[in-house]
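Okay, here's what each chain looks like letter by letter:
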Amino acid sequence: MNIEEKLEYIKSTVFHELGHLTGYCLASKFEETNLGNVKSFEVGFPKNIVVPEKSFYHIELDLLKEQNRIKKETENIPRTVAWFIEVICGCTFQAIVEEKHFKSCFGFGDSFDGHIDFSNLAVVRNVSSFNWNFDELQELQNEFLKALIDNNFVQNLEPIVQELLDRIRVAPLLQLELNPSDIESLANQINENIPQKLLTNYKEIVDKYTFIFSRKADFIAELKYRTSEEGGRTTNANSGYRPAIKFDFSENQTSGSQRFIRRNFAIPGETVVAEIRVASTEFLKNKLEKGTAFDFREGSRIIGFGKIIEVVNKDLEL
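Fair warning: this is a prediction, and the values are worked out from it, not measured in the lab.

A few words on the pairing of strand β9 (residues 271–278). With six of its eight residues buried, β9 lies for the most part within the structure. Direction of pairing for strand β4 (residues 219–225) relative to β9: antiparallel, over a ladder of six bridges. Considered in β9, the bridge of Glu-222 is made with Val-273. Where strand β7 (residues 253–260) lies against β9, five bridges are found, and the strand directions are antiparallel. Bridge pairing in β9 places Phe-260 opposite Ala-274.

Here it is, written out as structure tokens:
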């Protein structure tokens with residue numbers, strides 16, 4: 001592979017790293033989302049990386065020693081959502097440039113260009129102060145992708161990418177490491193290309209998912225899904241699934257959103273733990289306690305049974 005072929009090969013990777021820097025630029029526009037400055041930006045044939053000055057969510061030493069710190073950082077939900085966007089920005093930019101699906105870049109294992117990004121998110125999910133899953137992150141990514149496309153933003157960065165490729169061409173070992181003033185200059189170039197409409201879209205996405213992740217559950221429960229042979233579902237239930245729930249002490253039913261904890265779906269026959277948010281709480285006031293049983297159903301068909309582990313909404317507590 002000659003130099004020109006190498007440069008063409010890494011072009012989408014340069015877009016990928018520029019995506020991460022764009023994530024920091026967008027976050028810096030609002031006080032509640034600010035992720036700080038970037039201290040290191042390297043692009044080239046052997047190495048590509050963007051490193052922030054302050055690692056709010058990255059493991060710097062040992063997870064066991066740092067999980068409490070990271071959990072504390074995730075209590076700032078707007079900034080955490082901004083970090084989600086920064087992390088997915090790389091593969092989102094790359095997917096646009098290569099005209100392929102985001103998931104072909106973003107996943108677990110070395111075959112995915114964004115495997116480190118995916119792993120960073122997976123680690124934080126396990127210690128986060130609030131529950132979220134990758135299905136919700138995919139929905140966020142779809143909305144952010146639409147905003148980028150509507151504003152033709154990624155394509156407008158082509159001159160900046162070409163400038164970086166020209167610098168890589170003459171760099172030792174085809175590896176370019178920007179100094180602090182160059183990083184600041186590159187960030188300024190990106191900022192000059194950010195239209196107000198994209199900034200508005202970005203803030204709307206941050207606000208929407210801050211609201212979603214801030215909502216408290218009414219209770220946390222262990223859910224036992226029936227198998228299809230027992231009359232349960234024939235397909236998996238995705239996190240966010242909203243069947244009707246019924247308690248023995250009342251003839252009333254209400255829908256109850258199930259957000260699975262630390263997972264994206266439940267298979268028929270499985271037992272999972274989930275946050276439950278009910279649509280109508282009036283008939284449940286002062287009725288629930290740890291161990292209270294219920295069933296959940298689709299129409300008249302019971303598809304599973306639940307048992308409360310913790311009552312979160314104190315208005316419902318016995």
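Resuming the write-up.
In this structure, Asn-152 is a non-glycine residue whose phi angle is positive, near 50 degrees. Of note in this structure, Leu-174 is not a glycine but carries a positive phi near 55 degrees. You can see Leu-174 is positioned in the loop between α7 (158–169) and β3 (175–177).

Turning next to the nonpolar core. Within the largest apolar cluster, 71 residues are counted, with the highest numbers of intra-cluster contacts made by Leu-18, Phe-41, Leu-121, Ile-168, Tyr-202 and Phe-213. Among the elements that line this core, the one with the most residues is helix α3 (residues 77–98), at 12 residues. Those residues within four positions of Leu-18 in sequence are excluded, and the remaining contacts are Phe-41, Phe-93, Leu-157, Ile-160, Val-161, Leu-164, Leu-186 and Ile-190. Grouped together as the second largest cluster of nonpolar side chains are 23 residues, Ala-237, Val-272, Val-278 and Leu-288 included.

What the three strands build is an open sheet, ordered β2-β1-β3; its pairing is antiparallel. The open sheet terminates on both sides in strands that have one partner only, identified here as β2 (49–52) and β3. On average, each strand axis in the sheet is inclined to that of its neighbour by 10 degrees, with strand direction left out of account. The sheet contact formed by strand β1 (residues 38–44) and β3 spans three bridges and is antiparallel. Looking at β3, one finds that Val-43 is bridged to Leu-176.

This part takes up the pairing of strand β6 (residues 244–247). The alternating pattern of β6 places Ala-244 and Lys-246 and Ile-245 and Phe-247 on opposite faces, both of which are buried. Taken together, the three bridges between β6 and β7 define a ladder with antiparallel strand orientation. What sits directly across from Ile-245, in β7, is Thr-254. Where β6 folds back on β7, the antiparallel hairpin that results is connected by five residues. Bridge count between β6 and strand β10 (residues 293–298): four bridges; the pairing is antiparallel. Among the inter-strand pairings, Ile-245 is bridged to a residue of β10, identified as Phe-296.

Turning our eyes to something else, we now look at the packing of aromatic side chains. In this structure the tally under the stated criterion is 21 aromatic pairs. On the basis of an interplanar angle of 50 degrees and a centroid distance of 6.4 Å, the ring pair of Phe-106 and Phe-134 is categorised as tilted. Of the two residues, Phe-106 sits in the loop between α3 and α4 (115–127) while Phe-134 sits in helix α5 (residues 134–150), which places them 28 residues apart along the sequence. Seen from their ring centres, Phe-247 and Phe-249 are 5.3 Å apart, and the 20 degrees between their planes marks the pair as stacked. A residue is classified by how much of its surface remains accessible, and Phe-247, at 0% relative accessible area, is buried. Put simply, the rings of Phe-56, Tyr-57, Trp-83, Phe-84, Phe-102, Phe-106, Phe-118, Phe-130, Trp-132, Phe-134, Tyr-209 and Phe-213 pair up and form one aromatic cluster. When the ring centre of Phe-56 is taken as reference, the NZ or CZ atom of Arg-79 above it lies at 3.9 Å. A cation over a ring is seen here: Lys-203 above Phe-30, with NZ or CZ 5.6 Å from the ring centre.

Okay, α4 next. Spanning 13 residues, α4 covers 19 Å between terminal C-alpha atoms, matching the ideal 18 Å at 1.5 Å per step. By the burial criterion, the buried members of α4 are Asp-117, Phe-118, Leu-121, Ala-122, Val-124, Arg-125 and Val-127.

This part is about the pattern of salt bridges. Counted under the stated rule, the structure contains 21 salt bridges. The partner of Asp-166 in a salt bridge is Arg-169, and the shortest N-O contact between them spans 2.9 Å. Here Arg-169 and Asp-166 lie together in helix α7, a separation of three residues that amounts to about one turn. Take Asp-166: its relative accessible area is 36%, and that puts it in the partly exposed class. One salt bridge in this structure joins Glu-298 and Arg-301, with 2.9 Å as the shortest N-O distance. Under the relative-accessibility criterion, Glu-298 is labelled partly exposed at 29%.

Thresholds, definitions, all that
- Residues numbered from 1 in each chain as written.
- Predicted model: local features only at pLDDT ≥ 70, side-chain atom pairs only at ≥ 80, totals over all residues.
- Heavy atoms only, no water.
- Buried < 20%, exposed > 50% of the residue type's maximum accessible area, 1.4 Å probe, protein only.
- Helix = DSSP H or I, 4+ residues; strand = E, 2+ residues; numbered from the N terminus.
- Pairing = 2+ DSSP bridges.
- Core = buried A, V, L, I, M, F, W, Y, C linked by side-chain atoms within 4.5 Å.
- Contact = heavy atoms within 4.5 Å.
- Axes fitted to C-alpha atoms, helices over the stretch in contact; angles between N-to-C directions.
- Phe/Tyr/Trp six-rings, centres within 6.5 Å; stacked < 30°, edge-to-face > 60°.
- Lys NZ or Arg CZ within 6 Å of the ring centre and 35° of its normal.
- Expected span 1.5 Å × (residues − 1).
- Salt bridge = Lys/Arg side-chain N within 4 Å of Asp/Glu carboxyl O.

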